[in-house]
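# Summary of structural features
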Amino acid sequence: MSWRRPGPVSGLGLGLAAGLLLLALASIGALIGAAGSGYGTASHTTGYIRHVAGFTFFQASLSALLSLALALPVARACWRRASKWNANLLILFAFLPVVMPTTVAATGLIGVWGQRGIMSQLLQSTGGPALPPVYGLGAVLLAHVFFNAPLMLRVLSSTLGGIPQAQWRLAAQWGLSDLERFAKIEWPTLKQVIPGLLALVFLLCFTSFSLVLMLGGGPAVTTLEVSIYTALRFDFDLPMAGKLALLQLMICAGVVILLTMLTGRSWPGAAGKTGQTLPQRGDNALSTRITDGVILAIFVCVTVLPLFAILWRGISPKLAAVLAWPAFWQATFTSLSIAVLSGLLATGIALVLASARSRRAVASLAVWPLDLAISLYLAVSAIVLGTGMFILLRTVADVFLLAPLLVLLGNMLVSLPFAYRILEGRLASLASTQDRLCAALDIRGWRRFSLVTLPALAPEIGYAAGLSSALSLGDMTIVALFGSQQFQTLPWLLYQTMARYRAGEAAALALLLLCLTLLLFTLFVLSAKLAGRRNYA
Amino acid sequence: MLEIRSVNFTRPGGLSFSYDITVAEGEILAVQGPSGVGKTTLLDLIAGFGYPDSGSISWNGSNFLASPPWERPVTTVFQSDNLFTHLTCLENVRIGLPSSQRDDHAAIDAAFVRLGIDGLQNRLPDAVSGGQQQRVALARALLRDKPVLLLDESFSALDWPTRQGCFDSLREITEARRMAVLFVSHDERDAAHLGCKSLQLTA
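Residues numbered from 1 in each chain as written. Chains lettered and ligands numbered in written order. Predicted model: local features only at pLDDT ≥ 70, side-chain atom pairs only at ≥ 80, totals over all residues.

### Structural notes on the overall build of chain A
Secondary structure summary: chain A contains 21 helices and 0 strands in total. In terms of overall dimensions, chain A is globule-like: its C-alpha atoms have a radius of gyration of 24 Å, near the 24 Å expected for 537 residues. Projected onto the principal axes, the alpha-carbon positions of chain A cover approximately 70 × 60 × 50 Å. Split into buried and exposed, the 537 residues of chain A put 47% on the buried side. The long-range share in chain A, meaning contacts at least 24 apart out of those at least 6 apart in sequence, stands at 84%. (Helix = DSSP H or I, 4+ residues; strand = E, 2+ residues; numbered from the N terminus. Rg over C-alpha atoms; globule rule 2.2 N^0.38 Å. Buried ≥ 20, exposed ≤ 12 C-beta atoms within 10 Å, placed from the backbone. Contact = placed C-beta atoms within 7 Å.)

Right under this line is the structure:
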């Protein structure tokens, strides 16, 4: 006998989870069917798949390690030089890549490191040579570090901030050197989050599509995702696409299982409150200051300069020209419609699933069907899902006619795990503090949801909806499979503009897309905040 | 009369508690004892947040053990987390009242005045002290008009003069409304000031 009852939301959540599982299994089934319909496994095919898988694994591992190699010293330097001012800057720069479309980031990186980029111009102005074109493995790694070093920095900084003050005081009293401090105070805490962080970043880089497509520079630098796209869109080799997608799925599933084992249900994320920095022995030594300065300068070059490049190159006469393109307005309308709908749907479904999980958890009922439905969509990347849907639907309908619907569905499903994690954590913490009080005060059902849960959850709902819609607005993966001249989104238009070497227009488009993404994200966050503030009456 | 008869309860870890207690209408009972002897467990069993292995808990002869927490003739002020942080103090009081009482502004204002928290109605819980938060929760509990009031170390955050004021109000309301009150306390002065019976639980 328990006073905690799961309520009707539990049934609704289980129904949705069943639907999601069915959809994923249907896509996987279609991939298995296609993979088995080939002409056997020719040795050249096996060799090609092995090469692509090996390269994907290599670049993802290297990207994760390089991101950590940059983020760790920067986190330590920032912690040493912590102030309110640089803490806010840190949060801003660590947040921007989270919502920035990959296509926009690619133009920013070209703007800094390209043949005509900022660095090349600086070198030439001092009599040096121009930089070579920024394509290939180096560019892909640079792009992955640009996206993931800030994510790691945020987590590592908050981990350092979470070390008890007493330990910093002891370190100061004992006069520990920098190395001793790292080994005795920082590493024991950092080593708890680093494996999970590496696994998460590896997964993100392993499933990276747009950056490799735009910056890879050719077949030598190709990943499983890009190979699936090529097999499907250019060679129409369904067995090959199926095989590659299944391999990608298996590796991702392995990493998701590893990630769950390393981090439990919660992914590495920034903790809330952080402690204060205490002056330590050697912090003000000239050598430490110079080292910190160099480390921060490298971080700025890798992660902050591309943002300035987007602004600097985007504000040009080409901006007016792009604004006069009918294709731009058409793509903007399409992108915004899909992004808003996808954000709302992902957040709504995530809210139901997270509420069901929270209610079932407090009633001691099984929650694994809900967790499985969500984890599956972390392992099933956008391209794998899109390929499955392509194969599944092509015999019964014109997939290109269904493109808007498929892109909406794909974007929504891909952002679902992120929205779910944001809401699920908060709902669990609300349940622990509010369950008894609500039961004691007879606040139940819809009354509890509307008056207690929803207002308390408003910031997370806004963040989840903003993030989901921003991810959808910037996504180019699924539209790359289903896009056409008649159906274009902004990232797809940007990619095509870059492919036609119209660098000025591409820079202007990138700036517009970035502004729209930030605007949409901010609108969702602010609306939710305002909605949460309404008076109870 | 609140009657707790031959109630036995075993925690998942194997620790067992037994209770046989009676609290009359208009009576306050201070529940005291060292940590871990089952003071909060007793309140949880009465409020419906735990279920005894055997025995009965009744109000005026009616056993309410089968009822969920919201249907029991009980209201509780917990040790902490009594208020919703996104609602103002006034909203926190109103949300816990039956719909017929929510717009009785005179009664709500009087409760705020009586407990010395007048003027805090429109503040959020984070903008008032811990002691003031507890008094907002007590105001709500008293307004809920349930015959059994459970207080789980609800006054421990208050300084002694403020605590005395709250006790005076509590005694007055308990007698006027013929409520049965159980309050867990670590401070022996509490029972002495209230002039009430105290129950010493032992391991």
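Still more to cover.
### Concerning the overall build of chain B
The number of helices and strands found in chain B is 6 helices and 9 strands. Computed over its C-alpha atoms, the radius of gyration of chain B comes to 17 Å, within 12% of the 17 Å expected for a compact globule of 203 residues. By principal-axis analysis of the C-alpha atoms, chain B measures approximately 45 × 35 × 35 Å. When each of the 203 residues of chain B is scored for burial, the buried share is 42%. In chain B, once contacts between residues fewer than 6 apart in sequence are set aside, the share between residues at least 24 apart is 72%.

### A short note on the environment of Leu-176 of chain A
Residues and elements named next belong to chain A. Position of Leu-176 among the secondary structure elements: in the loop between α7 (165-174) and α8 (178-206). C-beta crowding within 10 Å serves as the criterion here: with 19 such atoms nearby, Leu-176 is assigned to the partly exposed category. Taking the C-alpha atoms as reference, Leu-176 lies 57 Å from Pro-8; in sequence the two are 168 residues apart. Dropping the residues within four chain positions of it, Leu-176 is found in contact with Ala-171, Arg-181, Lys-184 and Arg-281.

### Regarding the confidence of the model for chain A
Mean pLDDT over chain A works out to 85, with 93% of the residues at or above the 70 mark. Put simply, helix α3 (residues 84-99) of chain A is where chain A has its lowest mean pLDDT, 72, and helix α14 (residues 326-362) of chain A is where it has its highest, 92. (pLDDT = per-residue confidence, 0-100.)

### Overview of the interface of chain B and chain A
Across the contact, 18 residues belong to chain B and 17 residues belong to chain A. Elements supplying a minimum of two residues to the side of chain B that touches chain A: β6 (74-77) and α2 (89-95) of chain B. Counted by class, the side of chain B that touches chain A contains 10 nonpolar, 6 polar and 2 charged residues. (Nonpolar A, V, L, I, M, F, W, Y, C, P; charged D, E, K, R; others polar.)

### Considerations on the sheet that holds strand β3 (residues 28-32) of chain B
Residues and elements named next belong to chain B. One open sheet accounts for 5 strands, arranged β6-β7-β8-β3-β9; its pairing is parallel. Only two strands of the sheet have a single partner each, and these edge strands are β6 and β9 (197-200). Taken over all neighbouring pairs, the strand axes of this sheet differ in orientation by 20 degrees on average, direction set aside. Pairing analysis gives 4 bridges linking β3 to β9, with the strands arranged parallel. Note on β9: the bridge partner recorded for Gln-32 is Gln-200. Here helix α4 (residues 130-143) sits on the sheet and contacts β6 and β7 (148-152); the angle it forms with β6, its principal contact strand, is near 175 degrees. (Pairing = 2+ DSSP bridges. Axes fitted to C-alpha atoms, helices over the stretch in contact; angles between N-to-C directions.)

### Brief notes about the domain arrangement of chain B
Residues and elements named next belong to chain B. Domain boundaries assigned for chain B yield domain 1 (1-73 + 146-203) and domain 2 (80-145). Each of domain 1 and domain 2 has a C-alpha centre, and these two points are 22 Å apart. Every contact between the two is made by 11 residues of domain 1 and, on the other side, 12 residues of domain 2. Among the elements that line the side of domain 1 that touches domain 2, the one with the most residues is helix α5 (residues 160-177), at 5 residues. Of the residues contributing to the side of domain 1 that touches domain 2, the split by class is 6 nonpolar, 4 polar and 1 charged. (Domains from an automatic or database assignment.)

### Observations regarding the environment of Ala-297 of chain A
Residue and element names in this part refer to chain A. Turning to its location among the elements, Ala-297 is positioned in helix α12 (residues 286-314). Overall, the presence of 10 C-beta atoms within 10 Å leaves Ala-297 in the exposed class. Taking C-alpha positions, Ala-297 is 31 Å from Trp-174, a pair spaced 123 residues apart along the chain.

### Quick notes on the packing of helix α4 (residues 102-113) of chain A against α12 of chain A
Residue and element names in this part refer to chain A. One can describe the packing of α4 onto α12 by two numbers: an axis separation of 8 Å at closest approach and a directional angle of 90 degrees. Overall, the two elements α4 and α12 adopt an arrangement that is roughly perpendicular. Side by side, α4 and α12 meet where Val-104, Ala-105, Thr-107, Gly-108, Leu-109, Gly-111 and Val-112 of the first sit next to Leu-305, Pro-306, Leu-307, Ala-309, Ile-310 and Arg-313 of the second. Looking at the contact of α4 with α12 residue by residue, the classes come out as 9 nonpolar, 3 polar and 1 charged. (Parallel < 35°, antiparallel > 145°, perpendicular 65-115°, else oblique.)

### Some points on helix α17 (residues 403-440) of chain A
In the structure, α17 of chain A departs most strongly from a straight axis at Gln-434 of chain A, where the bend amounts to approximately 50 degrees. Looking one or two residues beyond α17 of chain A, the residue adopting positive phi is Asp-442 of chain A, at roughly 60 degrees. (Bend = angle between axes of the 7 residues up to and from the residue.)

### Considerations on the domain arrangement of chain A
Residue and element names in this part refer to chain A. Domain parsing of chain A yields domain 1 (1-30 + 316-537) and domain 2 (46-276 + 289-314). Here the C-alpha centroids of domain 1 and domain 2 sit 23 Å apart. No other element matches the 10 residues that helix α21 (residues 503-533) contributes to the side of domain 1 that touches domain 2. For the side of domain 1 that touches domain 2, the class distribution of residues is 28 nonpolar, 9 polar and 1 charged.

### As for the sheet that holds strand β1 (residues 2-10) of chain B
The antiparallel open sheet is built from 4 strands, whose spatial order is β2-β1-β4-β5 (chain B). Bordering the open sheet on either side are β2 (16-23) and β5 (62-63) of chain B, each of which pairs with just one other strand.

### Quick look at the nonpolar core
Residue and element names in this part refer to chain A. Counting 227 residues, the largest nonpolar core has Ala-350 and Leu-423 as its most contacted members. The element contributing the most residues to this core is α17, with 17 residues. In contact with Ala-350, other than residues within four places in its own chain, are Leu-416, Ala-419, Tyr-420, Leu-423 and Ala-464. (Core = buried A, V, L, I, M, F, W, Y, C linked by C-beta atoms within 7 Å.)

### Some words on the environment of Gly-162 of chain A
Residues and elements named next belong to chain A. Relative to the helices and strands, Gly-162 resides in the loop between α6 (137-161) and α7. For Gly-162, a count of 15 C-beta atoms within 10 Å corresponds to the partly exposed category. Separated by 27 residues in the primary sequence, Gly-162 and Thr-189 place their C-alpha atoms 8.8 Å from one another.

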